[in-house]
There are 2 protein chains.
Amino acid sequence: MSGDILAALAADLADAIAVVRPRSGGAASASIDVEEAVATALLGYVSEPGDGVLGKIVGMLGARPVAAGLLGGRSGAELAERAAAHDPGGLDAPSARELAAGLARWRPRLDEAAFTRSVAQAARVRARLLLTADAAWPDAVADLGAHAPLALWVRGRSAALTEAPGIALVGARAATGYGEHVAIEASAGLVDRGFTVVSGGAYGIDGTAHRSALAAGGTTVAFLAGGVDRFYPAGHETLLGRIAETGAVVSELSCGAAPTRWRFLQRNRLIAAASRATVVLEAGMRSGSLNTAGHAAALGRPLGAVPGPVTSPASAGCHRLLREFDAVCVTDAAQMAELVGDAAVGLADESRDDVVRVDGRAPLPALDGLTSPERRVLDALAARRERTIGELVRSTGLAPGAVMGALGALDATGLAARSGEGWVRRPPD
Amino acid sequence: MSGDILAALAADLADAIAVVRPRSGGAASASIDVEEAVATALLGYVSEPGDGVLGKIVGMLGARPVAAGLLGGRSGAELAERAAAHDPGGLDAPSARELAAGLARWRPRLDEAAFTRSVAQAARVRARLLLTADAAWPDAVADLGAHAPLALWVRGRSAALTEAPGIALVGARAATGYGEHVAIEASAGLVDRGFTVVSGGAYGIDGTAHRSALAAGGTTVAFLAGGVDRFYPAGHETLLGRIAETGAVVSELSCGAAPTRWRFLQRNRLIAAASRATVVLEAGMRSGSLNTAGHAAALGRPLGAVPGPVTSPASAGCHRLLREFDAVCVTDAAQMAELVGDAAVGLADESRDDVVRVDGRAPLPALDGLTSPERRVLDALAARRERTIGELVRSTGLAPGAVMGALGALDATGLAARSGEGWVRRPPD
């Protein structure tokens, strides 16, 4: 019954919603893709970014059953029962109480007409929904675990998110001439070294970093805290439009959603998670860029800070990062690029058995060159029987984020595939 | 026979050589003190700073037998035999070959007339010889082990070396206006917090730090790379004279000795060793202050660096220290003072059992509150039989530097005393 409501909604939106081509390509029928896309978009529409209960239940059941349950008026207990049936004894499953609280958050926003207008608005600005199954999906955001976005709205080239390693260049809106000089040099220097420059599209340091990347002929990606239909800040409408021409303007918020303080903070977590390293170029003690830096540190991503005169309050935040958060002192683009190089080396040492690294970012398996988590997840998968994330977490002993990261990698290389509401092993081609 | 030559030399110099009052005070006769002082001054005169062979043999036998042996034309084998007799099987004893090479370095400089002129020159400028037994001796230099100075020539107040904790403020001669501003603020701020400002008396950052300390009514100590009879650089003659009025101008070189590159580097080790922490205020990539920073790091002393604009080559050395040497980013005097506070806390956590800290620097024993090395050394001492450093090293399993440091502390608190050529335990008063 509730599945019928979702199917009807999907049928209504089939022409309006545009999804990026999923990476599995092949056999999946277009109608099923649309239903999955609409379900995911709907869940994004009714929730705030980083909703961990939603992330957990969608991670277990997929978006469709959750959206259908929401549309069909299911209770938290019913959803919890379904999760339990799907993954008996799943340690990470949200409780009935958590799901009831979640539904109480999501249901008040369940306005199908408004959602339909939001999707139509996305179509109008040519924004497309990037789903986790897509080849352009930035797998690194899986490190956010249950707080990872379910999907991203993208204006521009989705491939900009993954085709080259990204470095986040962030800083204060209240930039000085010194900070702008640093941003111009850093951004152009990273473009020269083949990096994508990731930032938040704000005035000051962010905008200067984006502009310099464009001027250097590079790719740059802006993450927004509101819907991508309305560029924010308004004064950066032209700049963000130019970014979308060659790079991408991205948000997990639906079109029509206004930026809020919470959404800025959650946007910052995405900037940190989607980048290989984060560098704070100039920041006062209260700059929001310190929040991005905190996310990068919490995610174990390399964190750099550019020092400035100790007499300049505009650099006090950078100095605090150097002093208290063990940020690396970086003074030019070469040192910023080294942040990523060191991290890649560290990764290879810690989790790789035998690998041929073919590009700056994702190592492809060579011979048996899977990471230790990838091997454990692959071993736990079967060819015929689906395994859910919860089952894989239990059988491998890995954290959900690690399982999802490994599945993403195995999916990308064709060794595993989504099947129904779980995952199966695929024979090598 | 050789002892007679030393005694005769001591008699000649008895009026000229001025020593700082030894801390043991009491019974030792003045003539013996003069002989020890003359022997030590002579060995300093013939050697270069940091001569490890000299440091080792004097650590074992004391200055007198070594000076007498040098004056009496003894061979390396004879000195080695004497050391072996004194400390059979001593692991740290220099070999006959090392001692022969040492004598071959020292003997060509053995010019009694020139040495006598040097001592007379010291008397003329009212420089006094500070010996390790003196209360004002900076015990912390014992961390230099065999490379610690045997004695220091001081103009001004010897007590300035120890009466308050010292922080070394160093930097490039080629200072910018920014660096000078930083030095003025840092030095005055540290004086306000009760620190002695230690530096190298050079143009640029060093001189500015000294000047600001004087202007703030504080105590400052300058370590020179040549004799204290001739202030270097010449342009700082007035400044160094003012420093000596309330603080101290110090060198391990004899009067008449000119600064050389080697002596500058060795002077830097003393600045680092005699200070509780070292802060580089502004330094280019080739500044000698980076050498001082390296010594501080090697000695385990806290190291701070003040950042500056990345566009300023004058700050590039500081940024390198932050990036590669794990220096702490410090932006004001309060943070520089914290360097010492943290170090003191770390010391207490690691090596103290139970202690009441009565001042910023040396913790005095409270109840049984000795450090672990102090307790081990005290346990290894006897009331009647002298123990040499070598014996103590073997019986405690501690490094020579640690044994000397512990003996210094035990001596300062009256629990141990030098006796003949070794140390004895003293009953509590």
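Our subject is the structure that appears above.
This structure is a prediction, so every number in the text was calculated from the model and none was measured. (Residues numbered from 1 in each chain as written. Chains lettered and ligands numbered in written order. Predicted model: local features only at pLDDT ≥ 70, side-chain atom pairs only at ≥ 80, totals over all residues. Heavy atoms only, no water.)

Caption draft 1: How the structure looks around the relation of the copies chain A and chain B. Take chain A, turn it by 180 degrees, move it 0.1 Å along the axis, and it overlays chain B with an RMSD of 0.1 Å. This pairing of chains is accounted for by a two-fold axis. Mapped onto chain B, 100% of the interface residues of chain A again fall at the interface, so both copies present the same surface. (Least-squares fit on C-alpha atoms with pLDDT ≥ 70 in both. Contact = heavy atoms within 4.5 Å.)

Caption draft 2: Quick peek at the pattern of salt bridges. Per the stated rule, a full pass over the model turns up 24 salt bridges over all chains. Via salt bridges that share partners, Glu48, Arg109 and Arg263 of chain A belong to a single interconnected network. (Salt bridge = Lys/Arg side-chain N within 4 Å of Asp/Glu carboxyl O.)

Caption draft 3: Spotlight on the side chain of threonine 292 of chain B. Residues and elements named next belong to chain B. When you line up the elements, threonine 292 lands in helix α12 (residues 289-298). A polar contact is formed between the side chain of threonine 292 and the side chain of asparagine 268, at a distance of 3.4 Å. The residues touching threonine 292, leaving out its near neighbours within four places in the chain, are Val170, Asn268, Ile271, Ala272 and Thr278. (Helix = DSSP H or I, 4+ residues; strand = E, 2+ residues; numbered from the N terminus. Polar contact = N/O pair within 3.5 Å; in protein donor to acceptor, adjacent residues only side chain to side chain.)

Caption draft 4: Highlighting the interface of chain A and chain B. Tallying the contact residues gives 18 residues for chain A and 18 residues for chain B. Interface area, chain A with chain B, both sides summed: about 1400 Å², of which 65% is carbon and sulfur. At the boundary of chain A and chain B, one finds two salt bridges. Between arginine 323 of chain B and glutamate 338 of chain A there is a salt bridge, with its nearest N and O atoms 2.9 Å apart. (Buried area = accessible area lost by both parts, 1.4 Å probe.)

Caption draft 5: Here's a closer look at the sheet that holds strand β5 (residues 220-223) of chain B. Residue and element names in this part refer to chain B. With respect to topology, nine strands assemble into an open sheet ordered β1-β2-β6-β5-β4-β3-β7-β8-β9, the strand pairing being mixed. Strands with a single pairing partner mark the edges of an open sheet, and in this sheet they are β1 (128-131) and β9 (328-329). In this structure, β1 lies alongside strand β2 (residues 151-156), joined through four bridges in antiparallel fashion. From the neighbouring strand, leucine 129 faces β2, where its bridge partner is tryptophan 153. (Pairing = 2+ DSSP bridges.)

Caption draft 6: Looking closely at the sheet that holds strand β8 (residues 303-305) of chain A. Residue and element names in this part refer to chain A. If you walk across this open sheet you meet the nine strands as β1-β2-β6-β5-β4-β3-β7-β8-β9, and the pairing is mixed. Strands with a single pairing partner mark the edges of an open sheet, and in this sheet they are β1 (128-131) and β9 (328-329). Direction of pairing for strand β2 (residues 151-156) relative to strand β6 (residues 248-251): antiparallel, over a ladder of four bridges. Looking at β6, one finds that glycine 156 is bridged to alanine 248. Lying over the sheet, helix α10 (residues 237-246) contacts β2, β5 (220-223) and β6, oriented at roughly 105 degrees with respect to β6. (Axes fitted to C-alpha atoms, helices over the stretch in contact; angles between N-to-C directions.)

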